Protein chains: 4
Amino acid sequence: MPTLGQNQYGKAETRVVRVTRDGATHHLEDLKVSVALSGDMDEVHYSGSNAAVLTTDATKNTVFAFAKEHGIGSPERFGILLARHFTESQPTLTRARIRLESYAWERVPTPGEGDHSFLRDGRGIRTAQVTHDTEDGWEVLSGLTGVTVLNTTHSEFHGFLRDRYTTLAETRDRVLATDVTALWRHRWAGPAEDRDWNASHAAARRHLLDAFARTYSYSLQQTLYGMGARVIDHRPEIDEIRLSLPNKHHFLADLTPFGMENDTEDGAVYFAADRPYGLIEATVLRDGATARIPIDATNL
Amino acid sequence: MPTLGQNQYGKAETRVVRVTRDGATHHLEDLKVSVALSGDMDEVHYSGSNAAVLTTDATKNTVFAFAKEHGIGSPERFGILLARHFTESQPTLTRARIRLESYAWERVPTPGEGDHSFLRDGRGIRTAQVTHDTEDGWEVLSGLTGVTVLNTTHSEFHGFLRDRYTTLAETRDRVLATDVTALWRHRWAGPAEDRDWNASHAAARRHLLDAFARTYSYSLQQTLYGMGARVIDHRPEIDEIRLSLPNKHHFLADLTPFGMENDTEDGAVYFAADRPYGLIEATVLRDGATARIPIDATNL
Amino acid sequence: MPTLGQNQYGKAETRVVRVTRDGATHHLEDLKVSVALSGDMDEVHYSGSNAAVLTTDATKNTVFAFAKEHGIGSPERFGILLARHFTESQPTLTRARIRLESYAWERVPTPGEGDHSFLRDGRGIRTAQVTHDTEDGWEVLSGLTGVTVLNTTHSEFHGFLRDRYTTLAETRDRVLATDVTALWRHRWAGPAEDRDWNASHAAARRHLLDAFARTYSYSLQQTLYGMGARVIDHRPEIDEIRLSLPNKHHFLADLTPFGMENDTEDGAVYFAADRPYGLIEATVLRDGATARIPIDATNL
Amino acid sequence: MPTLGQNQYGKAETRVVRVTRDGATHHLEDLKVSVALSGDMDEVHYSGSNAAVLTTDATKNTVFAFAKEHGIGSPERFGILLARHFTESQPTLTRARIRLESYAWERVPTPGEGDHSFLRDGRGIRTAQVTHDTEDGWEVLSGLTGVTVLNTTHSEFHGFLRDRYTTLAETRDRVLATDVTALWRHRWAGPAEDRDWNASHAAARRHLLDAFARTYSYSLQQTLYGMGARVIDHRPEIDEIRLSLPNKHHFLADLTPFGMENDTEDGAVYFAADRPYGLIEATVLRDGATARIPIDATNL
């Protein structure tokens with residue numbers, strides 16, 4: 001009989017919004033939460049007996065109830081609360097992985113009428129993944145996705161290998177653009193340890209942006225390493241980071257048929273292409289740390 | 001024989017990026033341009049003769065060439081340049097409609113290294129539509145889409161009509177959220193008249209956001225009218241505005257089965273629903289103006 | 001004071017699935033329904049009074065209740081039932097426009113166990129739009145979208161106009177591919193008249209596909225006209241059809257740098273491009289009929 | 001200094017279409033190909049030296065050239081050709097992973113004019129992933145995604161665990177619907193071994209659909225296991241399969257406020273919900289086989 005291997009289940013993409021009122025000043029937290037539970041689940045697969053199954057509906061209810069009872073605070077904190085609850089409350093559940101997306105909002109000021117209006121901030125999405133395994137312990141990942149950045153210069157690309165199928169021209173000045181997806185792993189002792197997850201995330205994000213902007217780039221790989229190394233160097237709480245950087249190609253429009261030069265020196269016109277695109281992915285580790293973030297975790 | 005009715009053709013969704021260098025300070029303009037041309041096109045439809053057809057490929061080339069030669073400046077200005085070019089250069093083309101999306105970027109500062117790094121600003125997309133018809137003249141529309149806003153209070157909904165299928169409870173305090181799509185029509189005398197399109201757009205956007213935030217709302221229709229009226233009242237150059245506002249429902253999570261109250265008074269937890277959603281659409285006009293924006297122009 | 005222009009509201013994108021059991025043989029109907037109501041709605045916009053407002057929630061409830069009580073049958077029939085209900089039941093509602101998408105499923109046979117298993121058929125979506133206006137009467141549109149077709153030959157493109165920005169090479173044998181969106185208008189006397197909407201739709205779809213496949217094409221415009229004319233010529237119940245055909249470019253890959261010819265004669269390799277794309281749109285009318293389908297109705 | 005961990009790069013999402021002419025009968029193959037290469041890439045990350053880097057542009061060119069020179073045949077065969085080429089031709093490249101999507105087309109018959117017209121078949125996408133590592137050898141995965149199936153009956157759900165947050169009612173007759181994503185691993189000795197990949201895929205797909213349709217289900221987990229076990233039991237060339245099955249909830253519409261019963265016995269009306277959804281994932285293995293497909297490989 002075929003064997004059951006790794007399995008997990010839960011409610012995915014629950015959208016929970018938490019409003020907290022501090023007099024006329026309101027605060028807004030906006031998350032998408034996906035729960036994946038594992039444990040002693042042979043029977044439900046083999047025979048359809050649900051005796052060990054906490055329903056996915058209940059995992060959804062728990063998300064709303066916990067948002068009310070405990071507040072959110074940060075995706076990492078909220079994920080830790082949820083993961084611990086599931087693994088501690090049901091003996092059949094030995095592992096809980098909580099994935100979270102957090103959507104940022106900025107205020108639209110309404111002086112004299114309190115502070116209760118918000119504009120969704122579209123500059124990327126904050127992500128987190130918290131896993132608790134009753135045997136393997138805790139893992140907390142933080143990240144971001146959809147952060148689109150572009151340098152109009154300080155990017156070259158040449159000296160590459162040439163095979164039969166290589167036709168690309170070398171360039172000394174190109175546009176470099178990407179949508180940053182990053183996921184980093186915290187060194188963390190478990191729920192007994194407190195941490196300012198929001199400050200840690202804001203700092204890591206700032207370092208990623210700054211390293212992208214300041215790296216004089218000879219390849220997107222070099223820029224990627226520079227971004228990852230910057231985070232590892234400046235954030236002692238982070239041991240590992242994985243980056244996935246699509247090379248959003250901006251091709252110089254060929255205007256020579258129209259008697260125009262389209263050189264970069266006084267500015268130029270580019271065609272922003274969709275597909276195909278280069279895709280550069282790598283992990284950067286603190287010296288001595290072990291890589292734990294899966295290869296495709298930044299492509300989900 | 002069946003008759004040919006209204007027809008148009010052109011290259012859609014050309015993504016053009018224009019970099020302008022002012023020493024070490026670079027400027028970035030990022031557009032999507034769709035060209036639709038009409039004119040004496042019976043033959044190409046009836047017999048396949050292309051003698052009157054300017055290729056869609058040429059319209060795309062024109063976008064790149066014009067971005068280099070004339071610069072962009074604003075989507076409205078660039079659309080006007082293109083529309084005029086097509087209708088004036090080919091006798092078979094009597095009408096050109098240019099649709100544009102403009103993507104905003106903010107700077108990532110790199111002091112000491114010039115200013116050439118950018119972060120895509122995701123707080124909505126600026127839109128424009130410029131039409132030149134050799135008979136009917138000019139029409140310039142400006143707009144925005146994907147601007148997501150939310151009020152955590154100052155929204156009530158009650159006193160509505162009740163039929164056999166009405167089960168909705170009345171509410172005195174709800175979350176009101178929407179993705180604003182708006183399109184407004186300029187009074188404009190044609191290319192001889194200059195205008196600061198960017199300033200006009202920034203002001204209209206500000207009025208829309210402020211009116212959304214400050215309206216104490218008894219229905220999304222009332223908020224919509226308040227937003228449109230604010231623009232008409234404050235911007236003499238705008239005669240008509242159409243708004244499409246999905247009601248992004250945020251339902252109070254029912255926590256009573258868990259012994260919790262989830263009232264709004266000290267903050268509450270909401271389920272952010274996807275579909276279905278209410279959709280509220282209307283045109284607001286300057287007194288005496290004629291409505292010209294099509295009913296579905298804000299749904300494209 | 002700014003004036004209120006055209007306005008409409010209702011619940012959009014209600015997803016209703018209807019199962020009908022005929023013993024062990026089950027039937028499945030799967031729709032997305034969007035309701036837009038208009039009428040005497042000044043007050044709700046100007047003052048927020050909801051006295052004339054049927055809630056969008058009630059329009060959603062009506063969709064489910066009608067699906068149970070009256071069945072669906074076809075998107076057109078179901079839209080007619082809903083439109084009539086709204087305009088006849090509330091004096092404040094004078095116009096109802098119902099948009100519908102219908103998703104096809106095919107059977108997965110399970111002999112011996114009844115017939116209750118289905119596979120979603122992804123070959124395009126059937127659409128309909130029914131409008132009832134107490135003054136203007138009825139309009140029934142049917143259509144389809146997302147039907148992707150491709151001819152590997154019998155398509156040429158040459159003899160086109162050449163301006164300064166024209167660089168395209170002529171071709172005598174190209175791939176022609178498009179995603180068909182079509183919307184056609186029925187001649188129809190109102191609810192007193194019966195019609196087999198499903199048979200009418202199946203025939204129109206078949207004619208569109210066959211005309212695309214059989215037209216030896218010198219331009220996509222010619223193919224479009226051929227498709228529309230075929231429907232008008234063969235379906236007396238249809239007076240007008242509008243088509244929107246993106247030219248899904250398939251560019252011959254340039255293999256000459258690798259010493260290969262990539263000619264079409266014995267088959268060739270193409271790069272399927274995303275954006276930009278040509279976009280060809282037109283209305284085809286029965287001789288003497290009036291065009292009523294809006295220009296952008298096929299772009300929603 | 002931070003260390004470089006696992007890294008890979010290449011051109012993603014190259015869309016290649018191959019037409020083969022057999023007289024007037026044409027054949028169409030339509031793929032999306034993503035190349036990811038790994039090897040001795042420290043220098044490009046640390047210093048930006050591209051000496052070991054085959055450009056992503058060259059990997060794209062290779063896709064087109066190979067499609068012409070060698071034909072496609074099946075995504076698995078084409079992936080094997082590409083993976084072998086990259087790892088054998090460049091000493092710096094020690095691992096190549098090729099991901100492929102294959103889009104099916106059916107014929108639109110045009111008797112008397114040859115056979116060159118096609119309709120895109122939207123009933124899911126065929127996938128493959130071929131990896132060659134000069135040390136670890138070969139891995140060939142096949143799969144599918146976007147195959148949407150639904151049973152209108154023969155699905156129950158009850159007897160589940162109840163905690164404080166459980167409110168779900170038990171049901172003896174529900175709609176069960178899902179979008180199947182599956183990925184299975186072949187036992188395969190390397191390029192020396194021939195295989196009919198298309199026949200193997202068609203059979204595995206058929207088994208998955210049939211097992212979904214025929215399983216009398218007490219939980220989606222049980223259905224999942226039944227689908228996976230069916231493939232393992234019937235296809236000796238497949239050792240492992242991973243399935244990801246979202247539970248596309250169809251909730252019975254509550255019609256009691258309108259005096260209607262909406263029971264399933266004579267058919268019923270359902271609300272097809274989007275989010276949140278249950279997500280059930282598991283691996284099924286041949287007895288004794290080792291699990292190699294990553295946990296999230298079916299979520300990409």
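Everything numeric here is computed off the predicted structure, so don't read it as measured data. Every chain is numbered on its own, with residues counted from 1 as its sequence reads. As they are written, the chains are lettered A onward and the ligands numbered 1 onward, keeping that order. Given that this is a predicted model, residues contribute local features only at a pLDDT of at least 70 and side-chain atom pairs are listed and counted only at 80 or more, while totals for whole chains, interfaces and linings are drawn from all residues. Heavy atoms from the whole structure form the basis of all side-chain values; hydrogens and water molecules are not counted.

With an RMSD of 0.0 Å, the operation that places chain D on chain A is a rotation of 180° combined with a shift of 0.0 Å along the axis. Here the transformation between the copies is reduced to the relation of a two-fold axis. Across chain D, the rotation axis passes nearest the C-alpha of Leu300(D), at a separation of 2.5 Å. We call two residues in contact whenever any of their non-hydrogen atoms come within 4.5 Å of each other. Mapped onto chain A, 100% of the interface residues of chain D again fall at the interface, so both copies present the same surface. Superposing copies: least-squares fit, C-alpha atoms only, residues required to have pLDDT of at least 70 in both.

In this section: the pairing of strand S13 (residues 277-285) of chain C. For the exposure calls, accessible area comes from a 1.4 Å probe over protein chains only, and a residue counts as buried if that area is under 20% of its type's maximum, exposed if over 50%, partly exposed in between. Strands here mean DSSP runs of E at least two residues long; helices mean DSSP runs of H or I at least four residues long; both are numbered from the N terminus. With 9 of its 9 residues buried, S13(C) lies for the most part within the structure. Residues Tyr277(C), Leu279(C), Glu281(C), Thr283(C) and Leu285(C) line one face of S13(C) and the alternating positions Gly278(C), Ile280(C), Ala282(C) and Val284(C) line the opposite face, and both faces are buried. A pair of strands is considered paired only if DSSP assigns at least 2 bridges between the two. Here 8 bridges tie strand S1 (residues 3-12) of chain B to S13(C), and the two strands are oriented antiparallel to one another. Among the inter-strand pairings, Gly10(B) is bridged to a residue of S13(C), identified as Leu279(C). Both strand S10 (residues 238-247) of chain C and S13(C) contribute to a ladder of 8 bridges, which runs antiparallel.

Under the fitted operation, chain C is carried onto chain A by 0.0 Å of movement along the axis and a turn of 180°, and the coordinates agree to an RMSD of 0.0 Å. Most of the interface of chain C is mirrored in chain A, where 100% of its interface residues again form contacts.

Moving on: the domain arrangement of chain A. Residue and element names in this part refer to chain A. Residue ranges for the domains trace back to a domain assignment, done automatically or taken from a database. The domain boundaries assigned to chain A delineate domain 1 (7-135) and domain 2 (144-300). The C-alpha centroid of domain 2 is placed 29 Å from the C-alpha centroid of domain 1. Residue-level contacts link 12 residues of domain 1 with 13 residues of domain 2. Together, the buried faces of domain 1 and domain 2 total about 1,100 Å²; carbon and sulfur atoms form 57% of this surface. Summed over both partners, the accessible area lost on bringing two parts together, with a 1.4 Å probe, is the buried area.

Throughout, the protein atoms alone are placed on a 1 Å grid, and a set of points is a cavity if a 1.4 Å probe fits but cannot get out or a pocket if it is open with protein on both sides within 12 Å along at least five of seven lines; lining residues have an atom within 4 Å of a point. Grid points are joined across faces, edges and corners, and a volume is the space filled by probe spheres set on the points. Here the second largest pocket defines a volume of roughly 1,300 Å³. Contributing to the lining of the second largest pocket are 40 residues, with Phe251(A), Phe271(A), Phe251(C), Phe271(C) and Lys60(D) lying nearest its centre. For the lining of the second largest pocket, the elements supplying multiple residues, two or more each, are strand S11 (250-252) of chain A, helix H2 (56-70) of chain B, strand S11 (250-252) of chain C together with helix H2 (56-69) of chain D. Of the residues in the lining of the second largest pocket, the class split is 22 nonpolar, 6 polar and 12 charged. For this classification, Asp, Glu, Lys and Arg are treated as charged, while Ala, Val, Leu, Ile, Met, Phe, Trp, Tyr, Cys and Pro are nonpolar and the rest, including Gly, are polar.

UniProt positions are given in the numbering used here, feature names are shortened, and annotations may be inferred rather than shown by experiment. Here, UniProt's "binding site: O2" (unreviewed entry) annotation points to Thr56(A) and Asn247(A). Spanning 192 residues, the named residues do not form one spatial group; their C-alpha atoms are separated by as much as 38.2 Å. Within the secondary structure, Thr56(A) is located in helix H2 (residues 56-70). Judged by its relative accessible area of 14%, Thr56(A) is buried. Once you skip the residues sitting within four places of it in the chain, Thr56(A) turns out to touch Tyr9(A), Gly10(A), Lys11(A) and Gly278(D). Here the side chain of Thr56(A) touches Lys11(A) through a polar contact of 3.0 Å, side chain to side chain. Among the structural elements, Asn247(A) can be located in strand S10 (residues 238-247). As used in this structure description, the phrase polar contact means that two N or O atoms lie within 3.5 Å; if the pair is within protein, one of them must be able to donate a hydrogen and the other to accept it, and residues adjacent in sequence are counted only when both atoms belong to side chains.

With that settled, the discussion passes to the packing of aromatic side chains. Each aromatic pair joins two rings of Phe, Tyr and Trp (for Trp, the six-membered one) with centres within 6.5 Å, and gets the label stacked for planes under 30 degrees apart, edge-to-face for over 60, and tilted for any other angle. Counting across every chain of the model gives 32 aromatic pairs over all chains. When the ring of Tyr225(A) is compared with that of Tyr46(D), the centres are 4.8 Å apart and the planes differ by 85°; the resulting orientation is edge-to-face. A residue pair is termed interchain when its members come from two chains, as with Tyr225(A) in helix H5 (residues 220-234) and Tyr46(D) in helix H1 (residues 42-46). Judged by relative accessible area, Tyr46(D) falls into the partly exposed class, the value being 27%. Ring pairing ties together the aromatic residues Phe66(A), Phe258(B) and Tyr165(D), which thus form one cluster.

A word on the side chain of Thr223(B). Within the secondary structure layout, Thr223(B) lies in helix H5 (residues 220-234). A distance of 2.9 Å separates the side chain of Thr223(B) from the side chain of Ser217(B), its partner in a polar contact.

Attention shifts here to H5(A). Between the first and last residue of a helix there are one fewer steps than residues, each counted as 1.5 Å, and that sum is the expected span. The terminal C-alpha atoms of H5(A) lie 21 Å apart, and with 15 residues this matches the ideal 21 Å at 1.5 Å per residue to within 8%. Most of H5(A) is tucked away, with 12 of its 15 residues classed as buried. On its buried face, H5(A) is in contact with strand S9 (176-186), helix H4 (197-214), S10 and strand S13 (277-285) of chain A together with strand S1 (3-12) and H1 of chain D.

On to the UniProt feature "binding site: urate" (unreviewed entry) in chain A. Here the UniProt feature "binding site: urate" (unreviewed entry) sits at Thr56(A), Asp57(A), Phe157(A), Arg174(A), Gln221(A) and Asn247(A). Structurally, Phe157(A) is set in the loop between strand S8 (137-151) and S9. Excluding anything up to four places from it in sequence, Phe157(A) contacts Leu168(A), Glu170(A), Thr171(A), Arg174(A), Tyr218(A), Ser219(A), Asn50(D) and Thr55(D). Position of Arg174(A) among the secondary structure elements: in the loop between S8 and S9. Residue classification places Arg174(A) among the buried positions, given a relative accessible area of 17%. Residues within four places of Arg174(A) in sequence aside, it is in contact with Asn151(A), Thr152(A), Thr153(A), Ser155(A), Glu156(A), Phe157(A), Ser219(A), Leu220(A) and Asn247(A).

Attention now moves to the pairing of strand S4 (residues 93-102) of chain D. All names here are of chain D. With respect to burial, S4 is a largely interior element, 8 of its 10 residues being buried. Alignment of strand S3 (residues 25-39) against S4, held across 9 bridges, turns out to be antiparallel. The residue bridging Gly 39 from the neighbouring strand is Leu 93, located in S4. Relative to strand S7 (residues 125-133), S4 is paired through 8 bridges, and the arrangement is antiparallel.

Right, let's talk about H4(A) for a bit. Residue and element names in this part refer to chain A. An ideal rise of 1.5 Å per residue puts 26 Å on 18 residues; H4 measures up with 26 Å between its terminal C-alpha atoms. If you check which residues of H4 are buried, you get Trp 197, Ser 200, His 201, Ala 203, Ala 204, His 207, Leu 208, Leu 209, Ala 211, Phe 212 and Ala 213. Structurally, the start of H4 carries an N-cap: the backbone nitrogen of Asn 198 is 3.3 Å from a side-chain oxygen of Asp 196.

Right, let's talk about the packing of H2(B) against helix H3 (residues 75-89) of chain B for a bit. Packed helices, taken two at a time, are described by the angle their axes make and the gap between the axes. Residues and elements named next belong to chain B. Inter-axis angles, ranging from 0 to 180 degrees, are taken between N-to-C directions of lines fitted to C-alpha atoms, where helices are fitted over the stretch in contact. H3 packs onto H2 with a crossing angle of 125° between their chain directions and a minimal axis gap of 11 Å. Accordingly, the angle class assigned to the pair H2 and H3 is oblique. When you trace H2 past H3, the crossing you get is right-handed. Two secondary-structure elements touch here, H2 through Thr 59, Thr 62, Val 63, Phe 66, Ala 67 and His 70 and H3 through Arg 77, Phe 78, Leu 81, Leu 82, His 85 and Phe 86. Looking at the contact of H2 with H3, its residues break down into 7 nonpolar, 4 polar and 1 charged. If an angle is under 35 degrees, it is roughly parallel; if it is over 145, roughly antiparallel; if it lies from 65 to 115, roughly perpendicular; otherwise it is oblique. Note: crossing handedness is left-handed where the near helix turns anticlockwise from the far helix by less than a right angle, and right-handed where it turns clockwise.

All names here are of chain D. Residue position: Lys 68 is located in helix H2. What makes Lys 68 buried here is its relative accessible area of 13%. Placed 55 residues apart in sequence, Lys 68 and Arg 123 show a C-alpha to C-alpha distance of 27 Å.

Moving on, we come to the packing of H4(A) against H5(A). Residue and element names in this part refer to chain A. As a packed pair, H4 and H5 sit with axes 8 Å apart at the nearest point and diverge in direction by 140°. In this structure, H4 meets H5 at a crossing whose hand is right-handed. Here Ala 204, His 207, Leu 208, Asp 210, Ala 211, Phe 212 and Arg 214 of H4 come into contact with H5, specifically with Thr 223, Gly 226, Met 227, Arg 230, Val 231 and His 234. Taken together, the residues that form the contact of H4 with H5 break down as 6 nonpolar, 4 polar and 3 charged.

This brings us to the environment of Leu252(A). Residues and elements named next belong to chain A. Considering the arrangement of structural elements, one finds Leu 252 in strand S11. On the basis of relative accessible area, Leu 252 is assigned to the partly exposed category, the value being 43%. Between the alpha carbons of Leu 252 and Ser 219 there is a distance of 18 Å; along the sequence they are 33 residues apart. Those residues within four positions of Leu 252 in sequence are excluded, and the remaining contacts are Asn 262, Thr 264, Ala 268, Val 269 and Tyr 270.

A word on the interface of chain C and chain A. Each side of the interface is counted separately: chain C has 10 residues, and chain A has 10 residues. Across the chain C to chain A interface the summed buried area is about 940 Å²; carbon plus sulfur atoms make up 56%. Looking at the side of chain C facing chain A, the largest losses of area belong to Arg164(C), Phe258(C) and Asp274(C), adding up to 49% of the total buried there. The term salt bridge refers to a side-chain nitrogen of Lys or Arg lying within 4 Å of a carboxyl oxygen of Asp or Glu. Counting every contact that joins chain C to chain A gives 2 salt bridges. In this structure, Asp274(C) and Arg275(A) form a salt bridge, with 2.7 Å as the shortest nitrogen-oxygen distance.

Along the chain, Asp274(B) turns up in the loop between strand S12 (269-272) and strand S13 (277-285). Measuring from C-alpha to C-alpha, the distance between Asp274(B) and Pro109(B) comes to 37 Å, with 165 residues separating the pair along the chain. With sequence-adjacent residues up to four places away left out, Asp274(B) is seen in contact with Asp274(D) and Arg275(D). In this structure the side chain of Asp274(B) is engaged in a polar contact, spanning 2.7 Å, whose partner is the side chain of Arg275(D).

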